[in-house]
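Inside the fold
Single-letter residue listing:
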Amino acid sequence: MTFEEIRNKLFSELPSKTQRVEAYLVSNVFVRFNLFIVGDNERLINSLKVEYSECLESIQTIRNGDLIHTKLQEGRSLIDENLYFIDRHVDKINQLVYQSIAL
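Being a predicted model, the structure only gives us computed values, none of them experimental.

Attention now goes to the pairing of strand 1 (residues 23-27). Of all the five residues making up strand 1, five are buried; the element is thus mostly covered by neighbouring parts of the structure. Of the two faces of strand 1, the one holding Ala23, Leu25 and Ser27 and the one holding Tyr24 and Val26 are both buried throughout. Pairing of strand 1 with strand 2 (residues 33-38) involves five bridges; the strand directions are antiparallel. The residue bridging Val26 from the neighbouring strand is Asn34, located in strand 2. In this antiparallel pair of consecutive strands, strand 1 and strand 2, the connection spans five residues, and Val31 shows a positive phi of 55 degrees. Relative to strand 5 (residues 83-87), strand 1 is paired through five bridges, and the arrangement is parallel. Pairing of Tyr24 across the sheet is with Tyr84, part of strand 5.

Structure (structure tokens):
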């Protein structure tokens, strides 16, 4: 599947899976997706790991207000009621370009 196909699949299916849970879908510089779920939701995480093993590189639990949660507030866009998308791919590529210019 292409990046766009995976993104579209996650955008359309994840909202029904994470309905009552605050979650952040993050694309990274390697054009992979990570999912961060706020709070202790081991059952949900286990089911998502099985169902989306080919789409998600990792699924992690974070706490409300911790450093990762705070960083995820920057540049987020709402997919659904409690599901946000962060495109770190663009941020990281820009950072890599600036670092290579500085060298």
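Time to look at the nonpolar core. Counting 18 residues, the largest nonpolar core has Leu10, Leu14, Leu25, Leu35, Ile37, Leu48 and Leu56 as the members making the most contacts within it. Sorting the residues of this core by element identifies helix 1 (3-17), strand 1, strand 2, helix 2 (42-51), strand 3 (56-62) and strand 5 as the ones contributing at least two each. When residues no more than four places from it in sequence are discounted, the contact partners of Leu10 are Pro15, Leu25, Phe33, Tyr52, Cys55 and Leu56. Within the second largest apolar cluster, eight residues are counted, among which are Phe36, Ile62, Tyr84 and Ile86.

The next point concerns the pattern of salt bridges. A complete count under the given rule lists four salt bridges for this structure. Across the pair Glu13 and Lys9 runs a salt bridge whose closest N-O atoms are separated by 3.4 Å. Taken as a pair, Glu13 and Lys9 lie in helix 1 at a separation of four residues, close to a single helical turn. Overall, the relative accessible area of 27% leaves Glu13 in the partly exposed class. By relative accessible area, Lys9 is classed as partly exposed at 26%. Measuring nitrogen to oxygen at the nearest pair gives 3.9 Å for the salt bridge that ties Lys71 to Glu74. Its relative accessible area of 43% is what places Lys71 among the partly exposed residues. Its relative accessible area of 42% is what places Glu74 among the partly exposed residues.

Each value, and the rule that gives it
- Residues numbered from 1 in each chain as written.
- Predicted model: local features only at pLDDT ≥ 70, side-chain atom pairs only at ≥ 80, totals over all residues.
- Heavy atoms only, no water.
- Buried < 20%, exposed > 50% of the residue type's maximum accessible area, 1.4 Å probe, protein only.
- Helix = DSSP H or I, 4+ residues; strand = E, 2+ residues; numbered from the N terminus.
- Pairing = 2+ DSSP bridges.
- Core = buried A, V, L, I, M, F, W, Y, C linked by side-chain atoms within 4.5 Å.
- Contact = heavy atoms within 4.5 Å.
- Salt bridge = Lys/Arg side-chain N within 4 Å of Asp/Glu carboxyl O.

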